[in-house]
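# A look at the structure
These are the residues of each chain, in order.
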Amino acid sequence: MRTDRRLVRLLAVLWALALVAAACGGDDDEGTTAEEDADTTETSEAAETDSTEETVAEGGDFAGQSVTAPDCEYGGKISSIEATAEFEVTFTMCSPVPAFRQIAAFTPFGIQPEEHLEATGGAPLDNPIGTGPFVLTEWNRGEQIVYSANPDYWGEGAAYDTLVFRWATEGAARLLELQSGTVDQITNLSPDDFETVQGDSNLTFLPVANPNTLYLAMTAQLDAFGDSPGGDTVFADPLVREAIALGIDRQRIVDNFYPEGSEVASHFTPCSIPNGCEGEAWYDFDPDRAKELLAEAGFPDGFETQIFYRDVFRGYLPEPGVVAVEFQTQLKENLNIDAEVVVMESGEFIDESTNGRLDGLYLLGWGADYPHVTNFLDFHFSKSNPQFGEPHPEIYELLEQGSQIAEDAAAADIYAQANDAIRELIPMVPIAHGASASATLATVENGHFRPFGAPLFHRVNPGKETFVFMQNAEPISLYCTDETDGESLAACQQVVEPLLGYAIDSGAVEPRLATECTGNEDATVWTCALREGVTFHDGSSFDANDVVASWAAGIDAQNPLHIGNTGAFEYYSYLWDALINGES
Amino acid sequence: MLSFIIRRLLLAVPVVIGILIVTFFLARLIPGDPCRSIIGEKATAEACEAFERNKGLDRPLPVQLGIYMRDIVQGDFGDSIRFSRPVSQIMAERLPMTIELATTALLIAIVVGVGLGVASAMRHNSAVDIGSMTLANIGVSMPVFWLGLMLIWLFAATLGWLPPSGRLTAGVSSTPFYVAWGWDPGEEGTFRFLTFEFLSNHVIGNSIVVGEWEVLWDAIKHLILPAVALSTIPMAIIARITRSSLLDVLGREYVRTARAKGAANRRVVVRHGLRNALLPVVTIIGLQMGALLSGAVLTETIFGLAGVGTMLFEAITARDFPVIQGFVVIIALSYVVLNLIVDISYAYLDPRIRLQ
Amino acid sequence: MIGLRTVTKAESDVAATDLLDKPSGLWRTAWKRLLRRRGGVVGLCIIGFIFLVAILAPLIAPYEPTRDFIGEGDRTRRDPPCVHLLGCDDEKPQHLMGLDGNARDQFSRIVYGARVSLWVGFTTVLVAFTIGSTLGAISGYWGGWADNVIMRVMDVVLGFPALLLAIGIVAALGPGLRNTLLAIAIVSIPAYARVMRASVLSIKELDYVAASRALGGSRFQILRTRVVPNALTPLVVIGTLGIATAILDAAAFGFLGLGAQPPTAEWGSMLADERNQIFSAPHLVFFPGLAIVITVLGFNLLGDGLRDALDPALNE
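Residues numbered from 1 in each chain as written. Chains lettered and ligands numbered in written order. Predicted model: local features only at pLDDT ≥ 70, side-chain atom pairs only at ≥ 80, totals over all residues. Heavy atoms only, no water.

So, about the interface of chain A and chain B. Between chain A and chain B, the residue contacts involve 55 residues of the former and 58 residues of the latter. Between chain A and chain B, a total of about 4,500 Å² is buried, with carbon and sulfur atoms accounting for 55% of that surface. Broken down residue by residue, the surface that chain A buries against chain B is led by R141, L176 and T566 of chain A, which jointly contribute 11%. Along the contact surface separating chain A from chain B lie three salt bridges. K42 of chain B is the partner of D369 of chain A in a salt bridge, and the nearest nitrogen-oxygen pair spans 3.0 Å. Remark: the boundary between chain A and chain B carries 13 residue pairs in polar contact (both at pLDDT 80 or more). Mapped by element, the contributors of at least two residues to the side of chain A that touches chain B are α1 (2-24), α2 (32-38), β7 (162-167), α5 (171-179), α11 (346-354), β16 (361-367) and α17 (570-575) of chain A. Top contributing element to the side of chain A that touches chain B by residue count: α1 of chain A, with eight residues. Looking at the side of chain A that touches chain B, its residues break down into 20 nonpolar, 16 polar and 19 charged. (Contact = heavy atoms within 4.5 Å. Buried area = accessible area lost by both parts, 1.4 Å probe. Salt bridge = Lys/Arg side-chain N within 4 Å of Asp/Glu carboxyl O. Polar contact = N/O pair within 3.5 Å; in protein donor to acceptor, adjacent residues only side chain to side chain. Helix = DSSP H or I, 4+ residues; strand = E, 2+ residues; numbered from the N terminus. Nonpolar A, V, L, I, M, F, W, Y, C, P; charged D, E, K, R; others polar.)

Once that is clear, we can look at the side chain of S120 of chain B. All names here are of chain B. Looking at where S120 falls in the secondary structure, it is placed in helix α5 (residues 87-122). At 2.9 Å, the side chain of S120 forms a polar contact with the side chain of S132. Residues in contact with S120, not counting those within four places in the same chain, are V128, D129, S132, M133 and R243.

Attention now goes to the interface of chain B and chain C. Taken together, the contact between chain B and chain C spans 54 residues of the former and 51 residues of the latter. Carbon and sulfur atoms supply 76% of the area buried between chain B and chain C, which totals about 4,600 Å² over both sides. Broken down residue by residue, the surface that chain B buries against chain C is led by S141, F145 and W146 of chain B, which jointly contribute 13%. In this structure, the connection of chain B to chain C is made through one salt bridge. As a salt-bridge pair, D304 of chain C and R240 of chain B come within 2.6 Å of each other at their nearest N and O atoms. Inspection of the chain B/chain C interface yields five residue pairs in polar contact (both at pLDDT 80 or more). Listing elements by their share of the side of chain B that touches chain C, those giving two or more residues are α1 (2-29), α6 (127-140), α7 (144-158), α11 (213-250), α13 (265-303), α14 (308-318), α15 (321-349) and α16 (351-354) of chain B. Looking at the side of chain B that touches chain C element by element, the count peaks at nine residues for α13 of chain B.

These figures capture arrangement, not role.
The structure is reproduced here in C-alpha cells:
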C-alpha cells in the first residue's frame, strides 16, 4: 500500500511535467524570432515584395512573367528570368556563366505546368506532371513505380506501353533478378560481377562513363574558416605532401581494387571533360624519392596519423573499407607512416571533412554534376573551401579568371596553369577515376547508361510491352526541383523535362523543351527559344510562363510556391550559388 | 486481478513516456545532422539553414520535445523530415509487411516446433529425439542474416526455385479490397483512410479476400525464404520447450495412472499431456512475437522487403527524427502490450506472482 | 538477446525457489551431473576447442591476419579455397579457405577471429552480469522506492526492441567494437537484474535468513554470504547462454557495419564485408558464418547442460 501511494505520486509528477512541457511547446513562433532578427542584412529589404511580376510583352495577349533579383550583390549568379515572348525565355546573369547550358540540362530544372504547381501548393511530391515520354500511373510505395507511354509526346515516343521502376539495395540481389529475367536493366554492378555479366550471353554489359575522381586529402590547416582554427598539421609542410604524392602506388590500387575501365588520375579532372587535362600530368610513383623527401621534412622514420573514410558505395570508391586498408598498407610499406584506419558515419564524415576538421588523411571523391571543368575545380580549390586547409591563391585566382571565359578553347591556357599550380602545391593526391557498369538483358535493343543523367528509357526497345528497371533505392519524392538523390532524379526524368538535356553517349547538350539556348558574347545573357505545340500530360499547353513558374519556385526563396519536400532546393542554391531573396 | 491489471497499465504509461524521451534524445545524439544526411554531401549552408527552418529543427530541444509530446497525445505522430509525409501514413504502408513476415514465421515456428517437440518427447532418446534436438540447437546458434544469405544462395541462385528478394514480382500488385468492392476509403490523411490502407497492404490477406489467386501465389513464393529464415530461432526454442514440458507432464503421476488404467498411449498424450504441456509453450510463443519484430530488421534488409525494419534503419541513417520516434514508440507500445499479456496470463496461472 | 528475454520474472522465481534446498556441495554435484549429460559435454568440448584455437592462433594460422597477398604469385582477390590434399593443383599456393577482399588468407583470419569473438562474448556478459545483478540485488533486497525506480528503468530498456536500442547507442557513440560491446551489454542488463531480483526476493523471506538477522548479521553480510550465492545459479546459466547471444549480436552489428573496424578480423564483419559477393565468392560468406554457428552452438549446449545439471526439477 505504501508503495502504491508513492507510485501514484510519482505518476502525478510525471503527468504534470508532461502537461507543462506540452503547454510550453504550444507556441510555435518561440524559437525563430531571435534568429530572424540576427539574420537581417542588406539584401533582404526587398523580401516583402513579390518579385514575380507580369509584364506585357510585344505581340499582343501574352502576359509574360518574370522573376528578378533585387540586385547583383546577393551572391547568386542569376539576375533575372523573364518570359520575353510566348515561346522565349531570357536568363540574365550577374556574371559570366559559360556553363549555363550544361547546368540547365540537369533534371532539377524540369518544367511543370504553372497551374499544377499552384494546385499542389508548390509540392507535387508524388504527382508530377510534365512533358516527358512517360506519364506517371502509380507509385506503389515500397514496391514499384509504374509509368505508361505518353502518346502525345513531342518527340519520338517509347516503343512499348509500360515502364516499371523497382529497387534493391543489394547488388547481388539486383544481378540475380536480372539473371532470372524478372527485370530488364539494373544499375551499379558490383565490380566482382563484371566478369560474370561479360561472360553471360543472355546479358549485355554496359560500361558507365560518369566522370568522377577519388582523392586522398590532406588537411594542412585544421578548421581554417572556423571560429577557432586549429593551426598547422603535419601536412602543412609541402615536403610531406610531396612525399605522400610520390609514395602512393596508384596503379596498384587501380589494378587491384577497381573494376575494368577505371584509370589512374593524371589530373584532378577526368580527361573527358574539356580542359580537364590541360597542363602536366601527375607525378609518377617513386618510393625512394618519397622517403628522401620525408626524411628532409624531418620524419626519417615516418609518423603516426589517421586515415578517415565513410563506408558508402560510390562510383569513385566502390569498396571503401578494402581500399582504406590498402592505403594503410602502402603508407606503412612505402613511407613507414602508421595510419590508423577510422571509419566514420557518413553525415559526420562529410561535415567534418568539408570544414577541414579531420586531423589526418581522408578518402573522398567527386562525381560530376554537370559536364564542365568548373564543376570539378571550382568546388574544391576556390577561396571559400576549407577542405584542405587554407586555400591557395595561386590556384583560385586562376580559376576565377577561367570561369569568366565563355569559350572552352580560349580558357585552355588558364586551366593548364591552374592544373600545374595544383600539381605544384599538392593540396590532395588524385588517385583514380572509377568506372562503373550496368547491365541489361541481351534482348533489350539500345540499352544504355548515359554519362550524365539517367537512361532515356523511351529510346530502348525491350521487345515486349513492359520494361522493368531496377535501381539502388526508392526515390524520396518525384518533385526533383527539390531533390538531390540519383534515384529520385532518375524517376522524375521520365516524366518531367528541362529546357535542355544530355546526349545519350556524352556530356554534349541537346534540345528538349528549348530548341536552342544561345548566349551573348560574354555569357551574361542566355536566350532560350522554346518548342511550340507541346502539351503537358494533363492536356494544358506549354509556354514560357510555365518555364518561369517552374524556375521561380526553385530559385526565389520568397515565391509562394517555394515549398517542395526539403524546402531547401539544394541544386538551385548550389549550382546558382545562392537563392534570390534568401535569408543570408 | 483487476487491480493488478490496472496497476500494470498505469505503470506502463511512464515506461512508454520514458521510451519516447530516450528515443528523442538518443536520435539527436547521433553525430551528423539530418540536412547533410538527407540532402547529401554537397548541401550548401544556405540550403541547410532553409531545411532546418522548414522542419522546425532550429528550435531549442525542449521546445521540440514539448511540441512533439503535445502532438502525440492528440494522436499526431508528425511528418517525416525526409518525405514530408505523415509518419502514421508511412507506418500504415510498412507495418503490414512486417506483420505478414512475423506472423508467417511464427506460424512456421509453431507448427514445426510443436510437431518436432511432440515427436521428440514421445520417442524420448530415440534417433528422432536426438536428431531434432541437435537441429534445434544448431538452429538457435545461427545468425539470421547468414542463414538468409545461405538460403538465397541455395534456393534462388543455385536451384532457381524461389525469388531472391522483394515482396512481389515486378508489375504484380494486389487490387485493394476497397477498390474491388467499390467502397470509399475516404480522404487521404483521415483515420478511415489509414485503416483501409493498412488493411489492404496485407497482400496475402487482401488477395485472398479479393480472389486474386495469381497474386497470392506470387506473394507466398516471395515470403517463403524470409519467413523460414526468421522462424528458425523461435522454432528451435519452441521445439525445446515443447519437448521438455511434455516430458515433464508425461512423467507425472496422473498420466502414469491413466496409462495404468489402460488408456491408449496416444489418447493419454493428447488428453492429459498435451493440454497441460502447452501452457508454458503458449507463454513462450507470446514472447517470441516480440523477438520476431526485432529479428525482422535483419531479415528485411537481406531480402529487400519494405517493412518497418528497413524503414527504421533508413530513418536512423538519415536522421529522420519523427520516423525514428514514431516507429520506436509504436513498436515499444506493442512490446509493452505483449509483455503485459504474458505477465497477466502468468499471474493468472501462478498466484504466487500476483501478490508481489 | 532473444534467449535472455524469454526468462520472465515468473519463470525465474520458480527456478529460484527450487534451488533453496541445495546443500553446499552444489557445484561439485552439478559438475558431475553436467558431465553425464551428452549435450553439456559436447558443448564443453567445442568451447575447449575454440579456446585452444584462440590461444594457439599464431601456431595454427599459416599467415598474419592482416597480411595481404596483392600481386604475389598466382593470386587474385577473393580466390576460392585451394587445398592441396583435396586435389588443388600443387603449383597453386595453398589457402585453406581462400582469399578475402584484400587478398588476405581467410583461414588465418578465422583463426584469429576466435580471439575477438571470445573476448566479445565474455566481456559483454561480464559487464552486463556485474551491473545487472548488482542492480537486481539492491532492488530485491532493499525493496520500496529503490526497487520501483530500478525496475521501471529496466522496463524502459526492455521496452525497446533490443537490436534497435543497441543500434541507437552505437550510432550515438560511434562504430567500433568497444562501443558495440557496451551497447549489447546495456541492452542485456535487465535480464540479469530481473533474475537476481527474483531470486533475492524469494530467498530473503526465508527462515534461515531471518535466523541470521536474529543472530545479529548485517543486511549486507547476509546478502553477500547467503542470498547471492544461491541466486547465482540461474545467473550462471543465463550468463553462459548470454555469451552465445552476445557473439551473435556482435556479428549482427558487424553485419550492419557498426561493429569491429578494419583491419580487425571479426567473424561478423568478415561476413558483412563480403555479403555482396554471396554469388561470386560464397566461401567468404560461408566460413565466417560457420565459425559463428559452431562457437555459439558450443555455448548454447554448455548453457543448457548447466541448466539441466543445476535444476533437476526441470529435468526429465
